[in-house]
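Here is what each chain is made of, one letter per residue.
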Amino acid sequence: MAKQSRVLKVGLIGSGAIARDQHLPYWRELEEEGRVRVVGVCDLIKERREREAAKCASATPYASYKKMLQGESFDIIDICTQNRVHAPAAIAASEAGAHVLVEKPMAMNSRECEAMIAAAKKAGKKLMVAQHMRFEARAEKLKEVVESGALGEIYTAETKWLRRRGIPGWGQFHIKKESLGGPLIDIGVHMMDLCVWLMGSPKPVAASGKVYRKFGDRPDLFNADWGVHYPAREFDVEDYATALIRFEKGLTMQMSVSWAANVHDEIENMFILGDKGGIGLNPLGYFSADHSSLSHMTWDWLSEEDGHRREVRHFCECVEKDQPVMVKPEESLHIQKIIDAIYESSRRNKEIIIK
Ligand SMILES: NC(=O)c1ccc[n+]([C@@H]2O[C@H](COP(=O)([O-])OP(=O)(O)OC[C@H]3O[C@@H](n4cnc5c(N)ncnc54)[C@H](O)[C@@H]3O)[C@@H](O)[C@H]2O)c1
(Lines give C-alpha, C1' and ligand atoms only; values in the text may rest on other atoms or scores of the structure.)
Protein backbone atom coordinates (compact mmCIF):
# COMPACT_ATOMS: atom_id res chain seq x y z
CA MET A 1 0.00 0.00 0.00
CA ALA A 2 1.29 3.50 -0.87
CA LYS A 3 2.54 5.41 2.14
CA GLN A 4 0.00 8.06 3.17
CA SER A 5 1.93 11.32 3.68
CA ARG A 6 1.00 13.49 6.62
CA VAL A 7 -0.90 16.73 6.21
CA LEU A 8 1.60 19.50 5.43
CA LYS A 9 1.37 22.80 7.29
CA VAL A 10 1.51 25.77 4.94
CA GLY A 11 2.09 29.46 5.65
CA LEU A 12 1.74 32.38 3.27
CA ILE A 13 3.87 35.53 3.52
CA GLY A 14 2.21 38.34 1.56
CA SER A 15 -1.48 38.08 0.73
CA GLY A 16 -1.89 40.65 -2.03
CA ALA A 17 -2.99 40.12 -5.65
CA ILE A 18 -0.97 37.06 -6.70
CA ALA A 19 -1.53 35.27 -3.40
CA ARG A 20 -5.27 35.97 -3.52
CA ASP A 21 -5.77 34.96 -7.16
CA GLN A 22 -3.09 32.39 -8.00
CA HIS A 23 -1.60 30.82 -4.88
CA LEU A 24 -4.13 30.59 -2.07
CA PRO A 25 -6.96 29.17 -4.24
CA TYR A 26 -4.67 26.25 -5.11
CA TRP A 27 -3.47 25.72 -1.53
CA ARG A 28 -7.16 25.74 -0.55
CA GLU A 29 -7.81 23.03 -3.15
CA LEU A 30 -5.05 20.91 -1.60
CA GLU A 31 -6.53 21.67 1.81
CA GLU A 32 -9.86 20.30 0.64
CA GLU A 33 -8.07 17.19 -0.64
CA GLY A 34 -6.66 16.69 2.86
CA ARG A 35 -3.04 17.12 1.75
CA VAL A 36 -2.22 20.45 3.39
CA ARG A 37 -3.53 22.77 6.07
CA VAL A 38 -2.98 26.51 5.68
CA VAL A 39 -2.17 27.52 9.24
CA GLY A 40 -0.81 31.05 8.85
CA VAL A 41 -1.37 34.02 6.54
CA CYS A 42 0.87 37.03 6.99
CA ASP A 43 0.50 40.51 5.52
CA LEU A 44 1.33 43.99 6.74
CA ILE A 45 -2.17 45.06 5.73
CA LYS A 46 -4.74 43.87 8.29
CA GLU A 47 -7.68 43.69 5.92
CA ARG A 48 -5.71 41.49 3.47
CA ARG A 49 -4.34 39.00 6.01
CA GLU A 50 -7.73 38.65 7.71
CA ARG A 51 -9.63 38.29 4.42
CA GLU A 52 -7.32 35.59 3.04
CA ALA A 53 -6.99 33.74 6.38
CA ALA A 54 -10.78 33.62 6.65
CA LYS A 55 -10.94 31.68 3.36
CA CYS A 56 -8.96 28.81 4.93
CA ALA A 57 -10.17 26.13 7.34
CA SER A 58 -8.00 27.18 10.29
CA ALA A 59 -5.46 29.87 9.41
CA THR A 60 -4.25 32.50 11.85
CA PRO A 61 -3.59 35.98 10.41
CA TYR A 62 -0.21 37.47 11.32
CA ALA A 63 1.19 40.98 10.89
CA SER A 64 4.84 39.84 11.12
CA TYR A 65 6.39 36.84 9.40
CA LYS A 66 9.01 36.56 12.12
CA LYS A 67 6.25 36.13 14.73
CA MET A 68 4.42 33.71 12.43
CA LEU A 69 7.53 31.55 12.04
CA GLN A 70 8.09 31.59 15.82
CA GLY A 71 4.46 30.82 16.61
CA GLU A 72 4.07 27.65 14.47
CA SER A 73 6.17 25.04 12.75
CA PHE A 74 5.64 25.04 8.98
CA ASP A 75 6.42 22.46 6.33
CA ILE A 76 5.98 24.96 3.48
CA ILE A 77 6.24 28.74 3.33
CA ASP A 78 4.96 30.44 0.19
CA ILE A 79 6.31 33.98 -0.30
CA CYS A 80 4.16 36.40 -2.32
CA THR A 81 5.43 39.79 -1.16
CA GLN A 82 7.03 42.43 -3.33
CA ASN A 83 10.56 41.55 -4.37
CA ARG A 84 12.49 43.35 -1.59
CA VAL A 85 11.09 40.94 1.00
CA HIS A 86 11.76 37.70 -0.97
CA ALA A 87 15.30 37.08 0.35
CA PRO A 88 14.88 37.98 4.03
CA ALA A 89 11.58 36.07 4.27
CA ALA A 90 12.96 33.02 2.42
CA ILE A 91 16.08 32.90 4.59
CA ALA A 92 14.01 33.21 7.78
CA ALA A 93 11.66 30.46 6.55
CA SER A 94 14.54 28.10 5.69
CA GLU A 95 16.14 28.77 9.06
CA ALA A 96 12.79 27.91 10.66
CA GLY A 97 12.93 24.53 8.87
CA ALA A 98 10.38 25.11 6.08
CA HIS A 99 10.51 24.33 2.37
CA VAL A 100 10.18 27.61 0.44
CA LEU A 101 8.25 28.55 -2.68
CA VAL A 102 8.97 32.17 -3.60
CA GLU A 103 7.46 34.38 -6.29
CA LYS A 104 9.58 35.68 -9.15
CA PRO A 105 12.03 37.36 -9.49
CA MET A 106 14.05 35.31 -6.99
CA ALA A 107 15.44 38.40 -5.19
CA MET A 108 16.91 41.89 -5.61
CA ASN A 109 20.38 40.70 -6.73
CA SER A 110 22.45 37.56 -7.11
CA ARG A 111 24.12 37.93 -3.69
CA GLU A 112 20.70 37.63 -2.09
CA CYS A 113 19.95 34.58 -4.24
CA GLU A 114 23.18 32.92 -3.12
CA ALA A 115 22.28 33.58 0.52
CA MET A 116 18.82 32.04 -0.05
CA ILE A 117 20.35 28.94 -1.64
CA ALA A 118 22.88 28.61 1.20
CA ALA A 119 20.14 28.89 3.86
CA ALA A 120 17.96 26.25 2.16
CA LYS A 121 20.94 23.92 1.75
CA LYS A 122 21.99 24.35 5.37
CA ALA A 123 18.45 23.53 6.49
CA GLY A 124 18.23 20.59 4.08
CA LYS A 125 15.01 22.06 2.65
CA LYS A 126 13.71 22.81 -0.83
CA LEU A 127 13.68 26.23 -2.47
CA MET A 128 11.85 26.97 -5.71
CA VAL A 129 11.09 30.18 -7.59
CA ALA A 130 7.52 30.35 -8.88
CA GLN A 131 8.24 30.41 -12.64
CA HIS A 132 4.69 29.35 -13.45
CA MET A 133 5.11 29.56 -17.25
CA ARG A 134 7.30 26.43 -17.18
CA PHE A 135 4.27 24.55 -15.86
CA GLU A 136 1.92 25.55 -18.68
CA ALA A 137 1.01 22.79 -21.15
CA ARG A 138 2.46 24.78 -24.07
CA ALA A 139 5.88 25.00 -22.34
CA GLU A 140 5.74 21.33 -21.47
CA LYS A 141 5.05 20.51 -25.15
CA LEU A 142 7.92 22.70 -26.37
CA LYS A 143 10.28 21.07 -23.89
CA GLU A 144 9.21 17.65 -25.15
CA VAL A 145 10.01 18.72 -28.75
CA VAL A 146 13.43 20.10 -27.73
CA GLU A 147 14.27 16.94 -25.80
CA SER A 148 13.35 14.77 -28.79
CA GLY A 149 16.33 16.33 -30.61
CA ALA A 150 14.05 17.72 -33.37
CA LEU A 151 15.74 21.14 -33.27
CA GLY A 152 19.17 19.73 -34.04
CA GLU A 153 21.88 22.02 -32.72
CA ILE A 154 20.26 24.93 -30.86
CA TYR A 155 22.22 28.14 -31.43
CA THR A 156 20.03 31.06 -30.38
CA ALA A 157 16.80 32.27 -28.76
CA GLU A 158 14.77 35.43 -29.25
CA THR A 159 12.02 36.75 -27.07
CA LYS A 160 9.82 39.83 -26.99
CA TRP A 161 7.05 40.84 -24.66
CA LEU A 162 5.92 44.36 -25.51
CA ARG A 163 2.79 45.91 -24.08
CA ARG A 164 1.37 49.03 -25.64
CA ARG A 165 0.20 50.41 -22.30
CA GLY A 166 0.35 47.95 -19.42
CA ILE A 167 2.22 49.26 -16.40
CA PRO A 168 1.03 47.46 -13.25
CA GLY A 169 -1.08 50.04 -11.47
CA TRP A 170 -1.10 48.35 -8.04
CA GLY A 171 1.50 47.31 -5.49
CA GLN A 172 5.16 48.35 -5.57
CA PHE A 173 6.09 47.41 -9.15
CA HIS A 174 7.01 51.02 -9.99
CA ILE A 175 9.42 51.59 -7.07
CA LYS A 176 13.06 50.57 -7.48
CA LYS A 177 13.89 50.04 -3.81
CA GLU A 178 10.90 47.71 -3.41
CA SER A 179 11.04 45.86 -6.73
CA LEU A 180 14.52 46.37 -8.24
CA GLY A 181 13.25 47.11 -11.73
CA GLY A 182 10.36 47.30 -14.19
CA PRO A 183 9.42 44.97 -17.06
CA LEU A 184 12.88 43.35 -17.15
CA ILE A 185 12.34 41.72 -13.76
CA ASP A 186 8.56 41.51 -14.05
CA ILE A 187 7.82 39.93 -17.44
CA GLY A 188 11.39 39.59 -18.79
CA VAL A 189 12.19 37.14 -16.00
CA HIS A 190 9.41 34.82 -17.23
CA MET A 191 10.59 34.87 -20.85
CA MET A 192 14.27 34.55 -20.01
CA ASP A 193 13.61 31.66 -17.65
CA LEU A 194 11.54 29.88 -20.31
CA CYS A 195 14.10 30.42 -23.11
CA VAL A 196 17.10 29.40 -21.02
CA TRP A 197 15.30 26.31 -19.70
CA LEU A 198 14.25 25.30 -23.23
CA MET A 199 17.81 25.79 -24.46
CA GLY A 200 18.95 23.28 -21.84
CA SER A 201 20.00 25.74 -19.08
CA PRO A 202 23.36 26.85 -20.55
CA LYS A 203 25.55 28.96 -18.28
CA PRO A 204 25.39 32.71 -19.07
CA VAL A 205 28.80 34.30 -19.66
CA ALA A 206 28.08 37.94 -20.68
CA ALA A 207 25.26 40.42 -21.21
CA SER A 208 24.89 43.74 -22.93
CA GLY A 209 21.73 45.74 -22.46
CA LYS A 210 19.99 49.07 -22.21
CA VAL A 211 16.96 50.10 -20.19
CA TYR A 212 14.78 53.17 -20.79
CA ARG A 213 12.13 55.14 -18.90
CA LYS A 214 9.87 56.94 -21.36
CA PHE A 215 6.32 56.68 -19.99
CA GLY A 216 5.97 55.57 -16.36
CA ASP A 217 6.83 58.91 -14.76
CA ARG A 218 4.64 60.97 -17.09
CA PRO A 219 1.59 62.46 -15.38
CA ASP A 220 -0.32 62.26 -18.71
CA LEU A 221 0.24 58.50 -19.05
CA PHE A 222 -2.66 56.67 -20.66
CA ASN A 223 -2.56 53.16 -19.19
CA ALA A 224 -5.87 51.67 -20.39
CA ASP A 225 -7.11 48.77 -18.26
CA TRP A 226 -4.09 48.64 -15.97
CA GLY A 227 -5.03 51.74 -14.02
CA VAL A 228 -2.61 54.36 -12.76
CA HIS A 229 -2.79 54.12 -9.00
CA TYR A 230 0.70 55.40 -8.27
CA PRO A 231 1.93 59.01 -8.22
CA ALA A 232 3.94 59.41 -11.45
CA ARG A 233 6.81 61.06 -9.53
CA GLU A 234 7.32 57.78 -7.58
CA PHE A 235 8.00 55.80 -10.78
CA ASP A 236 11.76 55.22 -10.86
CA VAL A 237 12.16 51.89 -12.71
CA GLU A 238 12.54 51.27 -16.46
CA ASP A 239 9.55 50.76 -18.73
CA TYR A 240 11.55 49.19 -21.61
CA ALA A 241 14.60 46.92 -21.65
CA THR A 242 16.59 45.29 -24.41
CA ALA A 243 19.57 42.93 -24.21
CA LEU A 244 21.84 40.43 -25.90
CA ILE A 245 23.01 37.61 -23.64
CA ARG A 246 25.86 35.24 -24.43
CA PHE A 247 26.09 31.72 -23.01
CA GLU A 248 28.75 29.03 -22.96
CA LYS A 249 29.26 27.11 -26.22
CA GLY A 250 28.42 30.20 -28.32
CA LEU A 251 24.66 30.25 -27.59
CA THR A 252 22.91 33.64 -27.53
CA MET A 253 19.56 35.13 -26.52
CA GLN A 254 18.05 38.45 -27.64
CA MET A 255 15.36 39.95 -25.51
CA SER A 256 13.19 43.03 -25.37
CA VAL A 257 10.36 43.75 -22.97
CA SER A 258 8.17 46.72 -22.23
CA TRP A 259 5.27 47.78 -20.05
CA ALA A 260 4.59 50.65 -22.44
CA ALA A 261 5.75 51.11 -26.04
CA ASN A 262 4.25 52.61 -29.16
CA VAL A 263 3.44 49.32 -30.85
CA HIS A 264 0.20 48.21 -32.47
CA ASP A 265 -0.83 45.73 -29.83
CA GLU A 266 0.66 43.45 -27.19
CA ILE A 267 3.37 41.14 -28.57
CA GLU A 268 4.34 38.11 -26.48
CA ASN A 269 6.58 35.63 -28.21
CA MET A 270 9.76 33.60 -28.11
CA PHE A 271 11.66 31.40 -30.55
CA ILE A 272 14.32 28.79 -29.95
CA LEU A 273 16.25 28.20 -33.15
CA GLY A 274 18.18 25.08 -34.11
CA ASP A 275 19.77 23.94 -37.38
CA LYS A 276 17.06 21.29 -37.95
CA GLY A 277 14.01 23.09 -36.58
CA GLY A 278 12.72 25.90 -34.40
CA ILE A 279 9.94 26.36 -31.89
CA GLY A 280 7.76 29.37 -31.17
CA LEU A 281 5.27 30.30 -28.48
CA ASN A 282 2.84 32.46 -30.41
CA PRO A 283 1.73 30.81 -32.63
CA LEU A 284 2.74 27.72 -30.76
CA GLY A 285 4.56 25.37 -33.07
CA TYR A 286 7.56 23.51 -34.44
CA PHE A 287 8.96 24.87 -37.72
CA SER A 288 11.30 23.03 -40.08
CA ALA A 289 11.86 22.02 -43.69
CA ASP A 290 11.29 18.47 -44.91
CA HIS A 291 11.16 16.95 -48.40
CA SER A 292 12.17 20.28 -49.97
CA SER A 293 9.31 22.24 -48.47
CA LEU A 294 8.65 24.16 -45.28
CA SER A 295 6.68 22.37 -42.59
CA HIS A 296 4.90 23.56 -39.51
CA MET A 297 3.56 21.44 -36.73
CA THR A 298 1.20 22.58 -34.02
CA TRP A 299 -1.03 20.81 -31.53
CA ASP A 300 -4.79 20.68 -31.72
CA TRP A 301 -5.54 20.40 -28.08
CA LEU A 302 -3.52 21.33 -25.05
CA SER A 303 -4.71 21.66 -21.49
CA GLU A 304 -5.48 25.24 -20.46
CA GLU A 305 -4.92 24.50 -16.80
CA ASP A 306 -3.40 27.48 -15.00
CA GLY A 307 0.40 27.14 -14.74
CA HIS A 308 0.21 28.53 -11.19
CA ARG A 309 -2.06 25.64 -10.19
CA ARG A 310 0.33 23.06 -11.59
CA GLU A 311 3.26 24.84 -9.95
CA VAL A 312 1.67 24.86 -6.47
CA ARG A 313 0.63 21.21 -6.84
CA HIS A 314 4.11 20.28 -8.11
CA PHE A 315 5.80 21.93 -5.14
CA CYS A 316 3.44 20.19 -2.71
CA GLU A 317 4.14 16.84 -4.34
CA CYS A 318 7.92 17.41 -4.27
CA VAL A 319 7.69 17.99 -0.52
CA GLU A 320 5.35 15.03 0.03
CA LYS A 321 7.54 12.63 -1.92
CA ASP A 322 10.90 14.31 -1.30
CA GLN A 323 11.51 14.79 -5.01
CA PRO A 324 13.65 17.45 -6.73
CA VAL A 325 11.86 20.63 -7.76
CA MET A 326 11.40 21.50 -11.43
CA VAL A 327 12.80 25.07 -11.16
CA LYS A 328 16.23 24.57 -9.63
CA PRO A 329 17.35 27.54 -7.48
CA GLU A 330 20.73 27.53 -9.26
CA GLU A 331 18.88 28.12 -12.57
CA SER A 332 17.07 31.08 -11.01
CA LEU A 333 20.40 32.39 -9.73
CA HIS A 334 21.70 32.34 -13.33
CA ILE A 335 18.67 34.36 -14.46
CA GLN A 336 19.30 36.86 -11.66
CA LYS A 337 22.96 37.15 -12.72
CA ILE A 338 21.77 37.99 -16.24
CA ILE A 339 19.42 40.65 -14.83
CA ASP A 340 22.19 42.16 -12.67
CA ALA A 341 24.49 42.25 -15.72
CA ILE A 342 21.86 43.92 -17.96
CA TYR A 343 21.29 46.73 -15.44
CA GLU A 344 25.04 47.16 -14.97
CA SER A 345 25.60 47.13 -18.73
CA SER A 346 22.95 49.82 -19.19
CA ARG A 347 24.56 51.98 -16.50
CA ARG A 348 28.12 51.53 -17.77
CA ASN A 349 27.42 51.35 -21.52
CA LYS A 350 29.43 48.18 -22.02
CA GLU A 351 29.11 44.41 -22.10
CA ILE A 352 29.38 42.83 -18.67
CA ILE A 353 31.11 39.50 -18.04
CA ILE A 354 29.04 37.17 -15.87
CA LYS A 355 31.03 35.08 -13.39
N1 LIG B 1 4.08 34.77 -11.48
C2 LIG B 1 3.36 35.79 -11.90
O3 LIG B 1 2.77 35.76 -12.98
C4 LIG B 1 3.23 37.00 -11.04
C5 LIG B 1 2.23 37.94 -11.29
C6 LIG B 1 2.12 39.04 -10.45
C7 LIG B 1 3.04 39.22 -9.40
N8 LIG B 1 4.02 38.30 -9.21
C9 LIG B 1 5.01 38.48 -8.12
O10 LIG B 1 4.34 38.33 -6.87
C11 LIG B 1 4.86 39.24 -5.91
C12 LIG B 1 3.72 40.05 -5.33
O13 LIG B 1 3.00 40.72 -6.35
P14 LIG B 1 1.48 41.18 -6.12
O15 LIG B 1 0.97 41.59 -7.44
O16 LIG B 1 0.75 40.17 -5.34
O17 LIG B 1 1.74 42.50 -5.22
P18 LIG B 1 0.79 43.09 -4.10
O19 LIG B 1 1.36 44.42 -3.77
O20 LIG B 1 -0.63 42.98 -4.52
O21 LIG B 1 1.01 42.09 -2.86
C22 LIG B 1 2.16 42.06 -2.06
C23 LIG B 1 1.73 41.93 -0.60
O24 LIG B 1 2.86 41.70 0.24
C25 LIG B 1 2.62 42.36 1.45
N26 LIG B 1 3.88 42.55 2.20
C27 LIG B 1 4.88 43.43 1.94
N28 LIG B 1 5.85 43.31 2.86
C29 LIG B 1 5.48 42.32 3.70
C30 LIG B 1 6.06 41.73 4.84
N31 LIG B 1 7.24 42.14 5.32
N32 LIG B 1 5.38 40.76 5.49
C33 LIG B 1 4.19 40.34 5.01
N34 LIG B 1 3.57 40.87 3.93
C35 LIG B 1 4.22 41.84 3.28
C36 LIG B 1 1.96 43.67 1.04
O37 LIG B 1 1.29 44.29 2.13
C38 LIG B 1 1.05 43.20 -0.07
O39 LIG B 1 -0.25 42.89 0.41
C40 LIG B 1 5.93 40.06 -6.64
O41 LIG B 1 7.18 39.51 -6.35
C42 LIG B 1 5.61 39.87 -8.12
O43 LIG B 1 6.76 39.92 -8.95
C44 LIG B 1 4.11 37.20 -9.98
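Provided above is the structure to which this section pertains.
Residues numbered from 1 in each chain as written. Predicted model: local features only at pLDDT ≥ 70, side-chain atom pairs only at ≥ 80, totals over all residues. Heavy atoms only, no water.

Visitor: Please explain the sheet that holds strand 6 (residues 127-129) as it appears in this structure.
Guide: By definition, the strands of a sheet pair up through backbone hydrogen bonds, in either a parallel or an antiparallel sense. The six strands lie next to each other as 3-2-1-4-5-6, forming an open sheet whose pairing is parallel. Taken across any chain shown, the strands that pair with only one partner, and hence form the sheet edges, are strand 3 (60-62) and strand 6. Neighbour to neighbour, the strand axes of the sheet diverge by 20° on average, direction disregarded. By the bridge criterion, four bridges tie strand 4 (residues 76-79) to strand 5 (residues 99-102) in an arrangement that is parallel. Residue pairing in the sheet places Ile79 in a bridge with Val102 of strand 5. Along the sheet face, helix 1 (residues 17-32) touches strand 1 (8-13), strand 2 (36-42), strand 4 and strand 5 and points at about 150° away from the line of strand 2. (Pairing = 2+ DSSP bridges. Helix = DSSP H or I, 4+ residues; strand = E, 2+ residues; numbered from the N terminus. Axes fitted to C-alpha atoms, helices over the stretch in contact; angles between N-to-C directions. Contact = heavy atoms within 4.5 Å.)

Visitor: I'm lost on the site of the ligand in this one. Help?
Guide: Around the ligand, a shell composed of 26 residues is seen, among which Asp43, Arg48, Asn83, Lys104 and Trp170 lie nearest. Contacts to the ligand include Arg48, whose side-chain N or O atom sits 2.6 Å from an oxygen atom. One of the side-chain N or O atoms of Trp170 is found 2.8 Å from an oxygen atom in the ligand. A total of 850 Å² of accessible area belongs to the ligand in isolation, and the protein chains cover 89% of it. When its residues are assigned to classes, the shell around the ligand shows 12 nonpolar, 10 polar and four charged. (Near = heavy atom within 4 Å. Polar contact = N/O pair within 3.5 Å; in protein donor to acceptor, adjacent residues only side chain to side chain. Areas by Shrake-Rupley, 256 points an atom, 1.4 Å probe, with all protein chains shown as cover. Nonpolar A, V, L, I, M, F, W, Y, C, P; charged D, E, K, R; others polar.)

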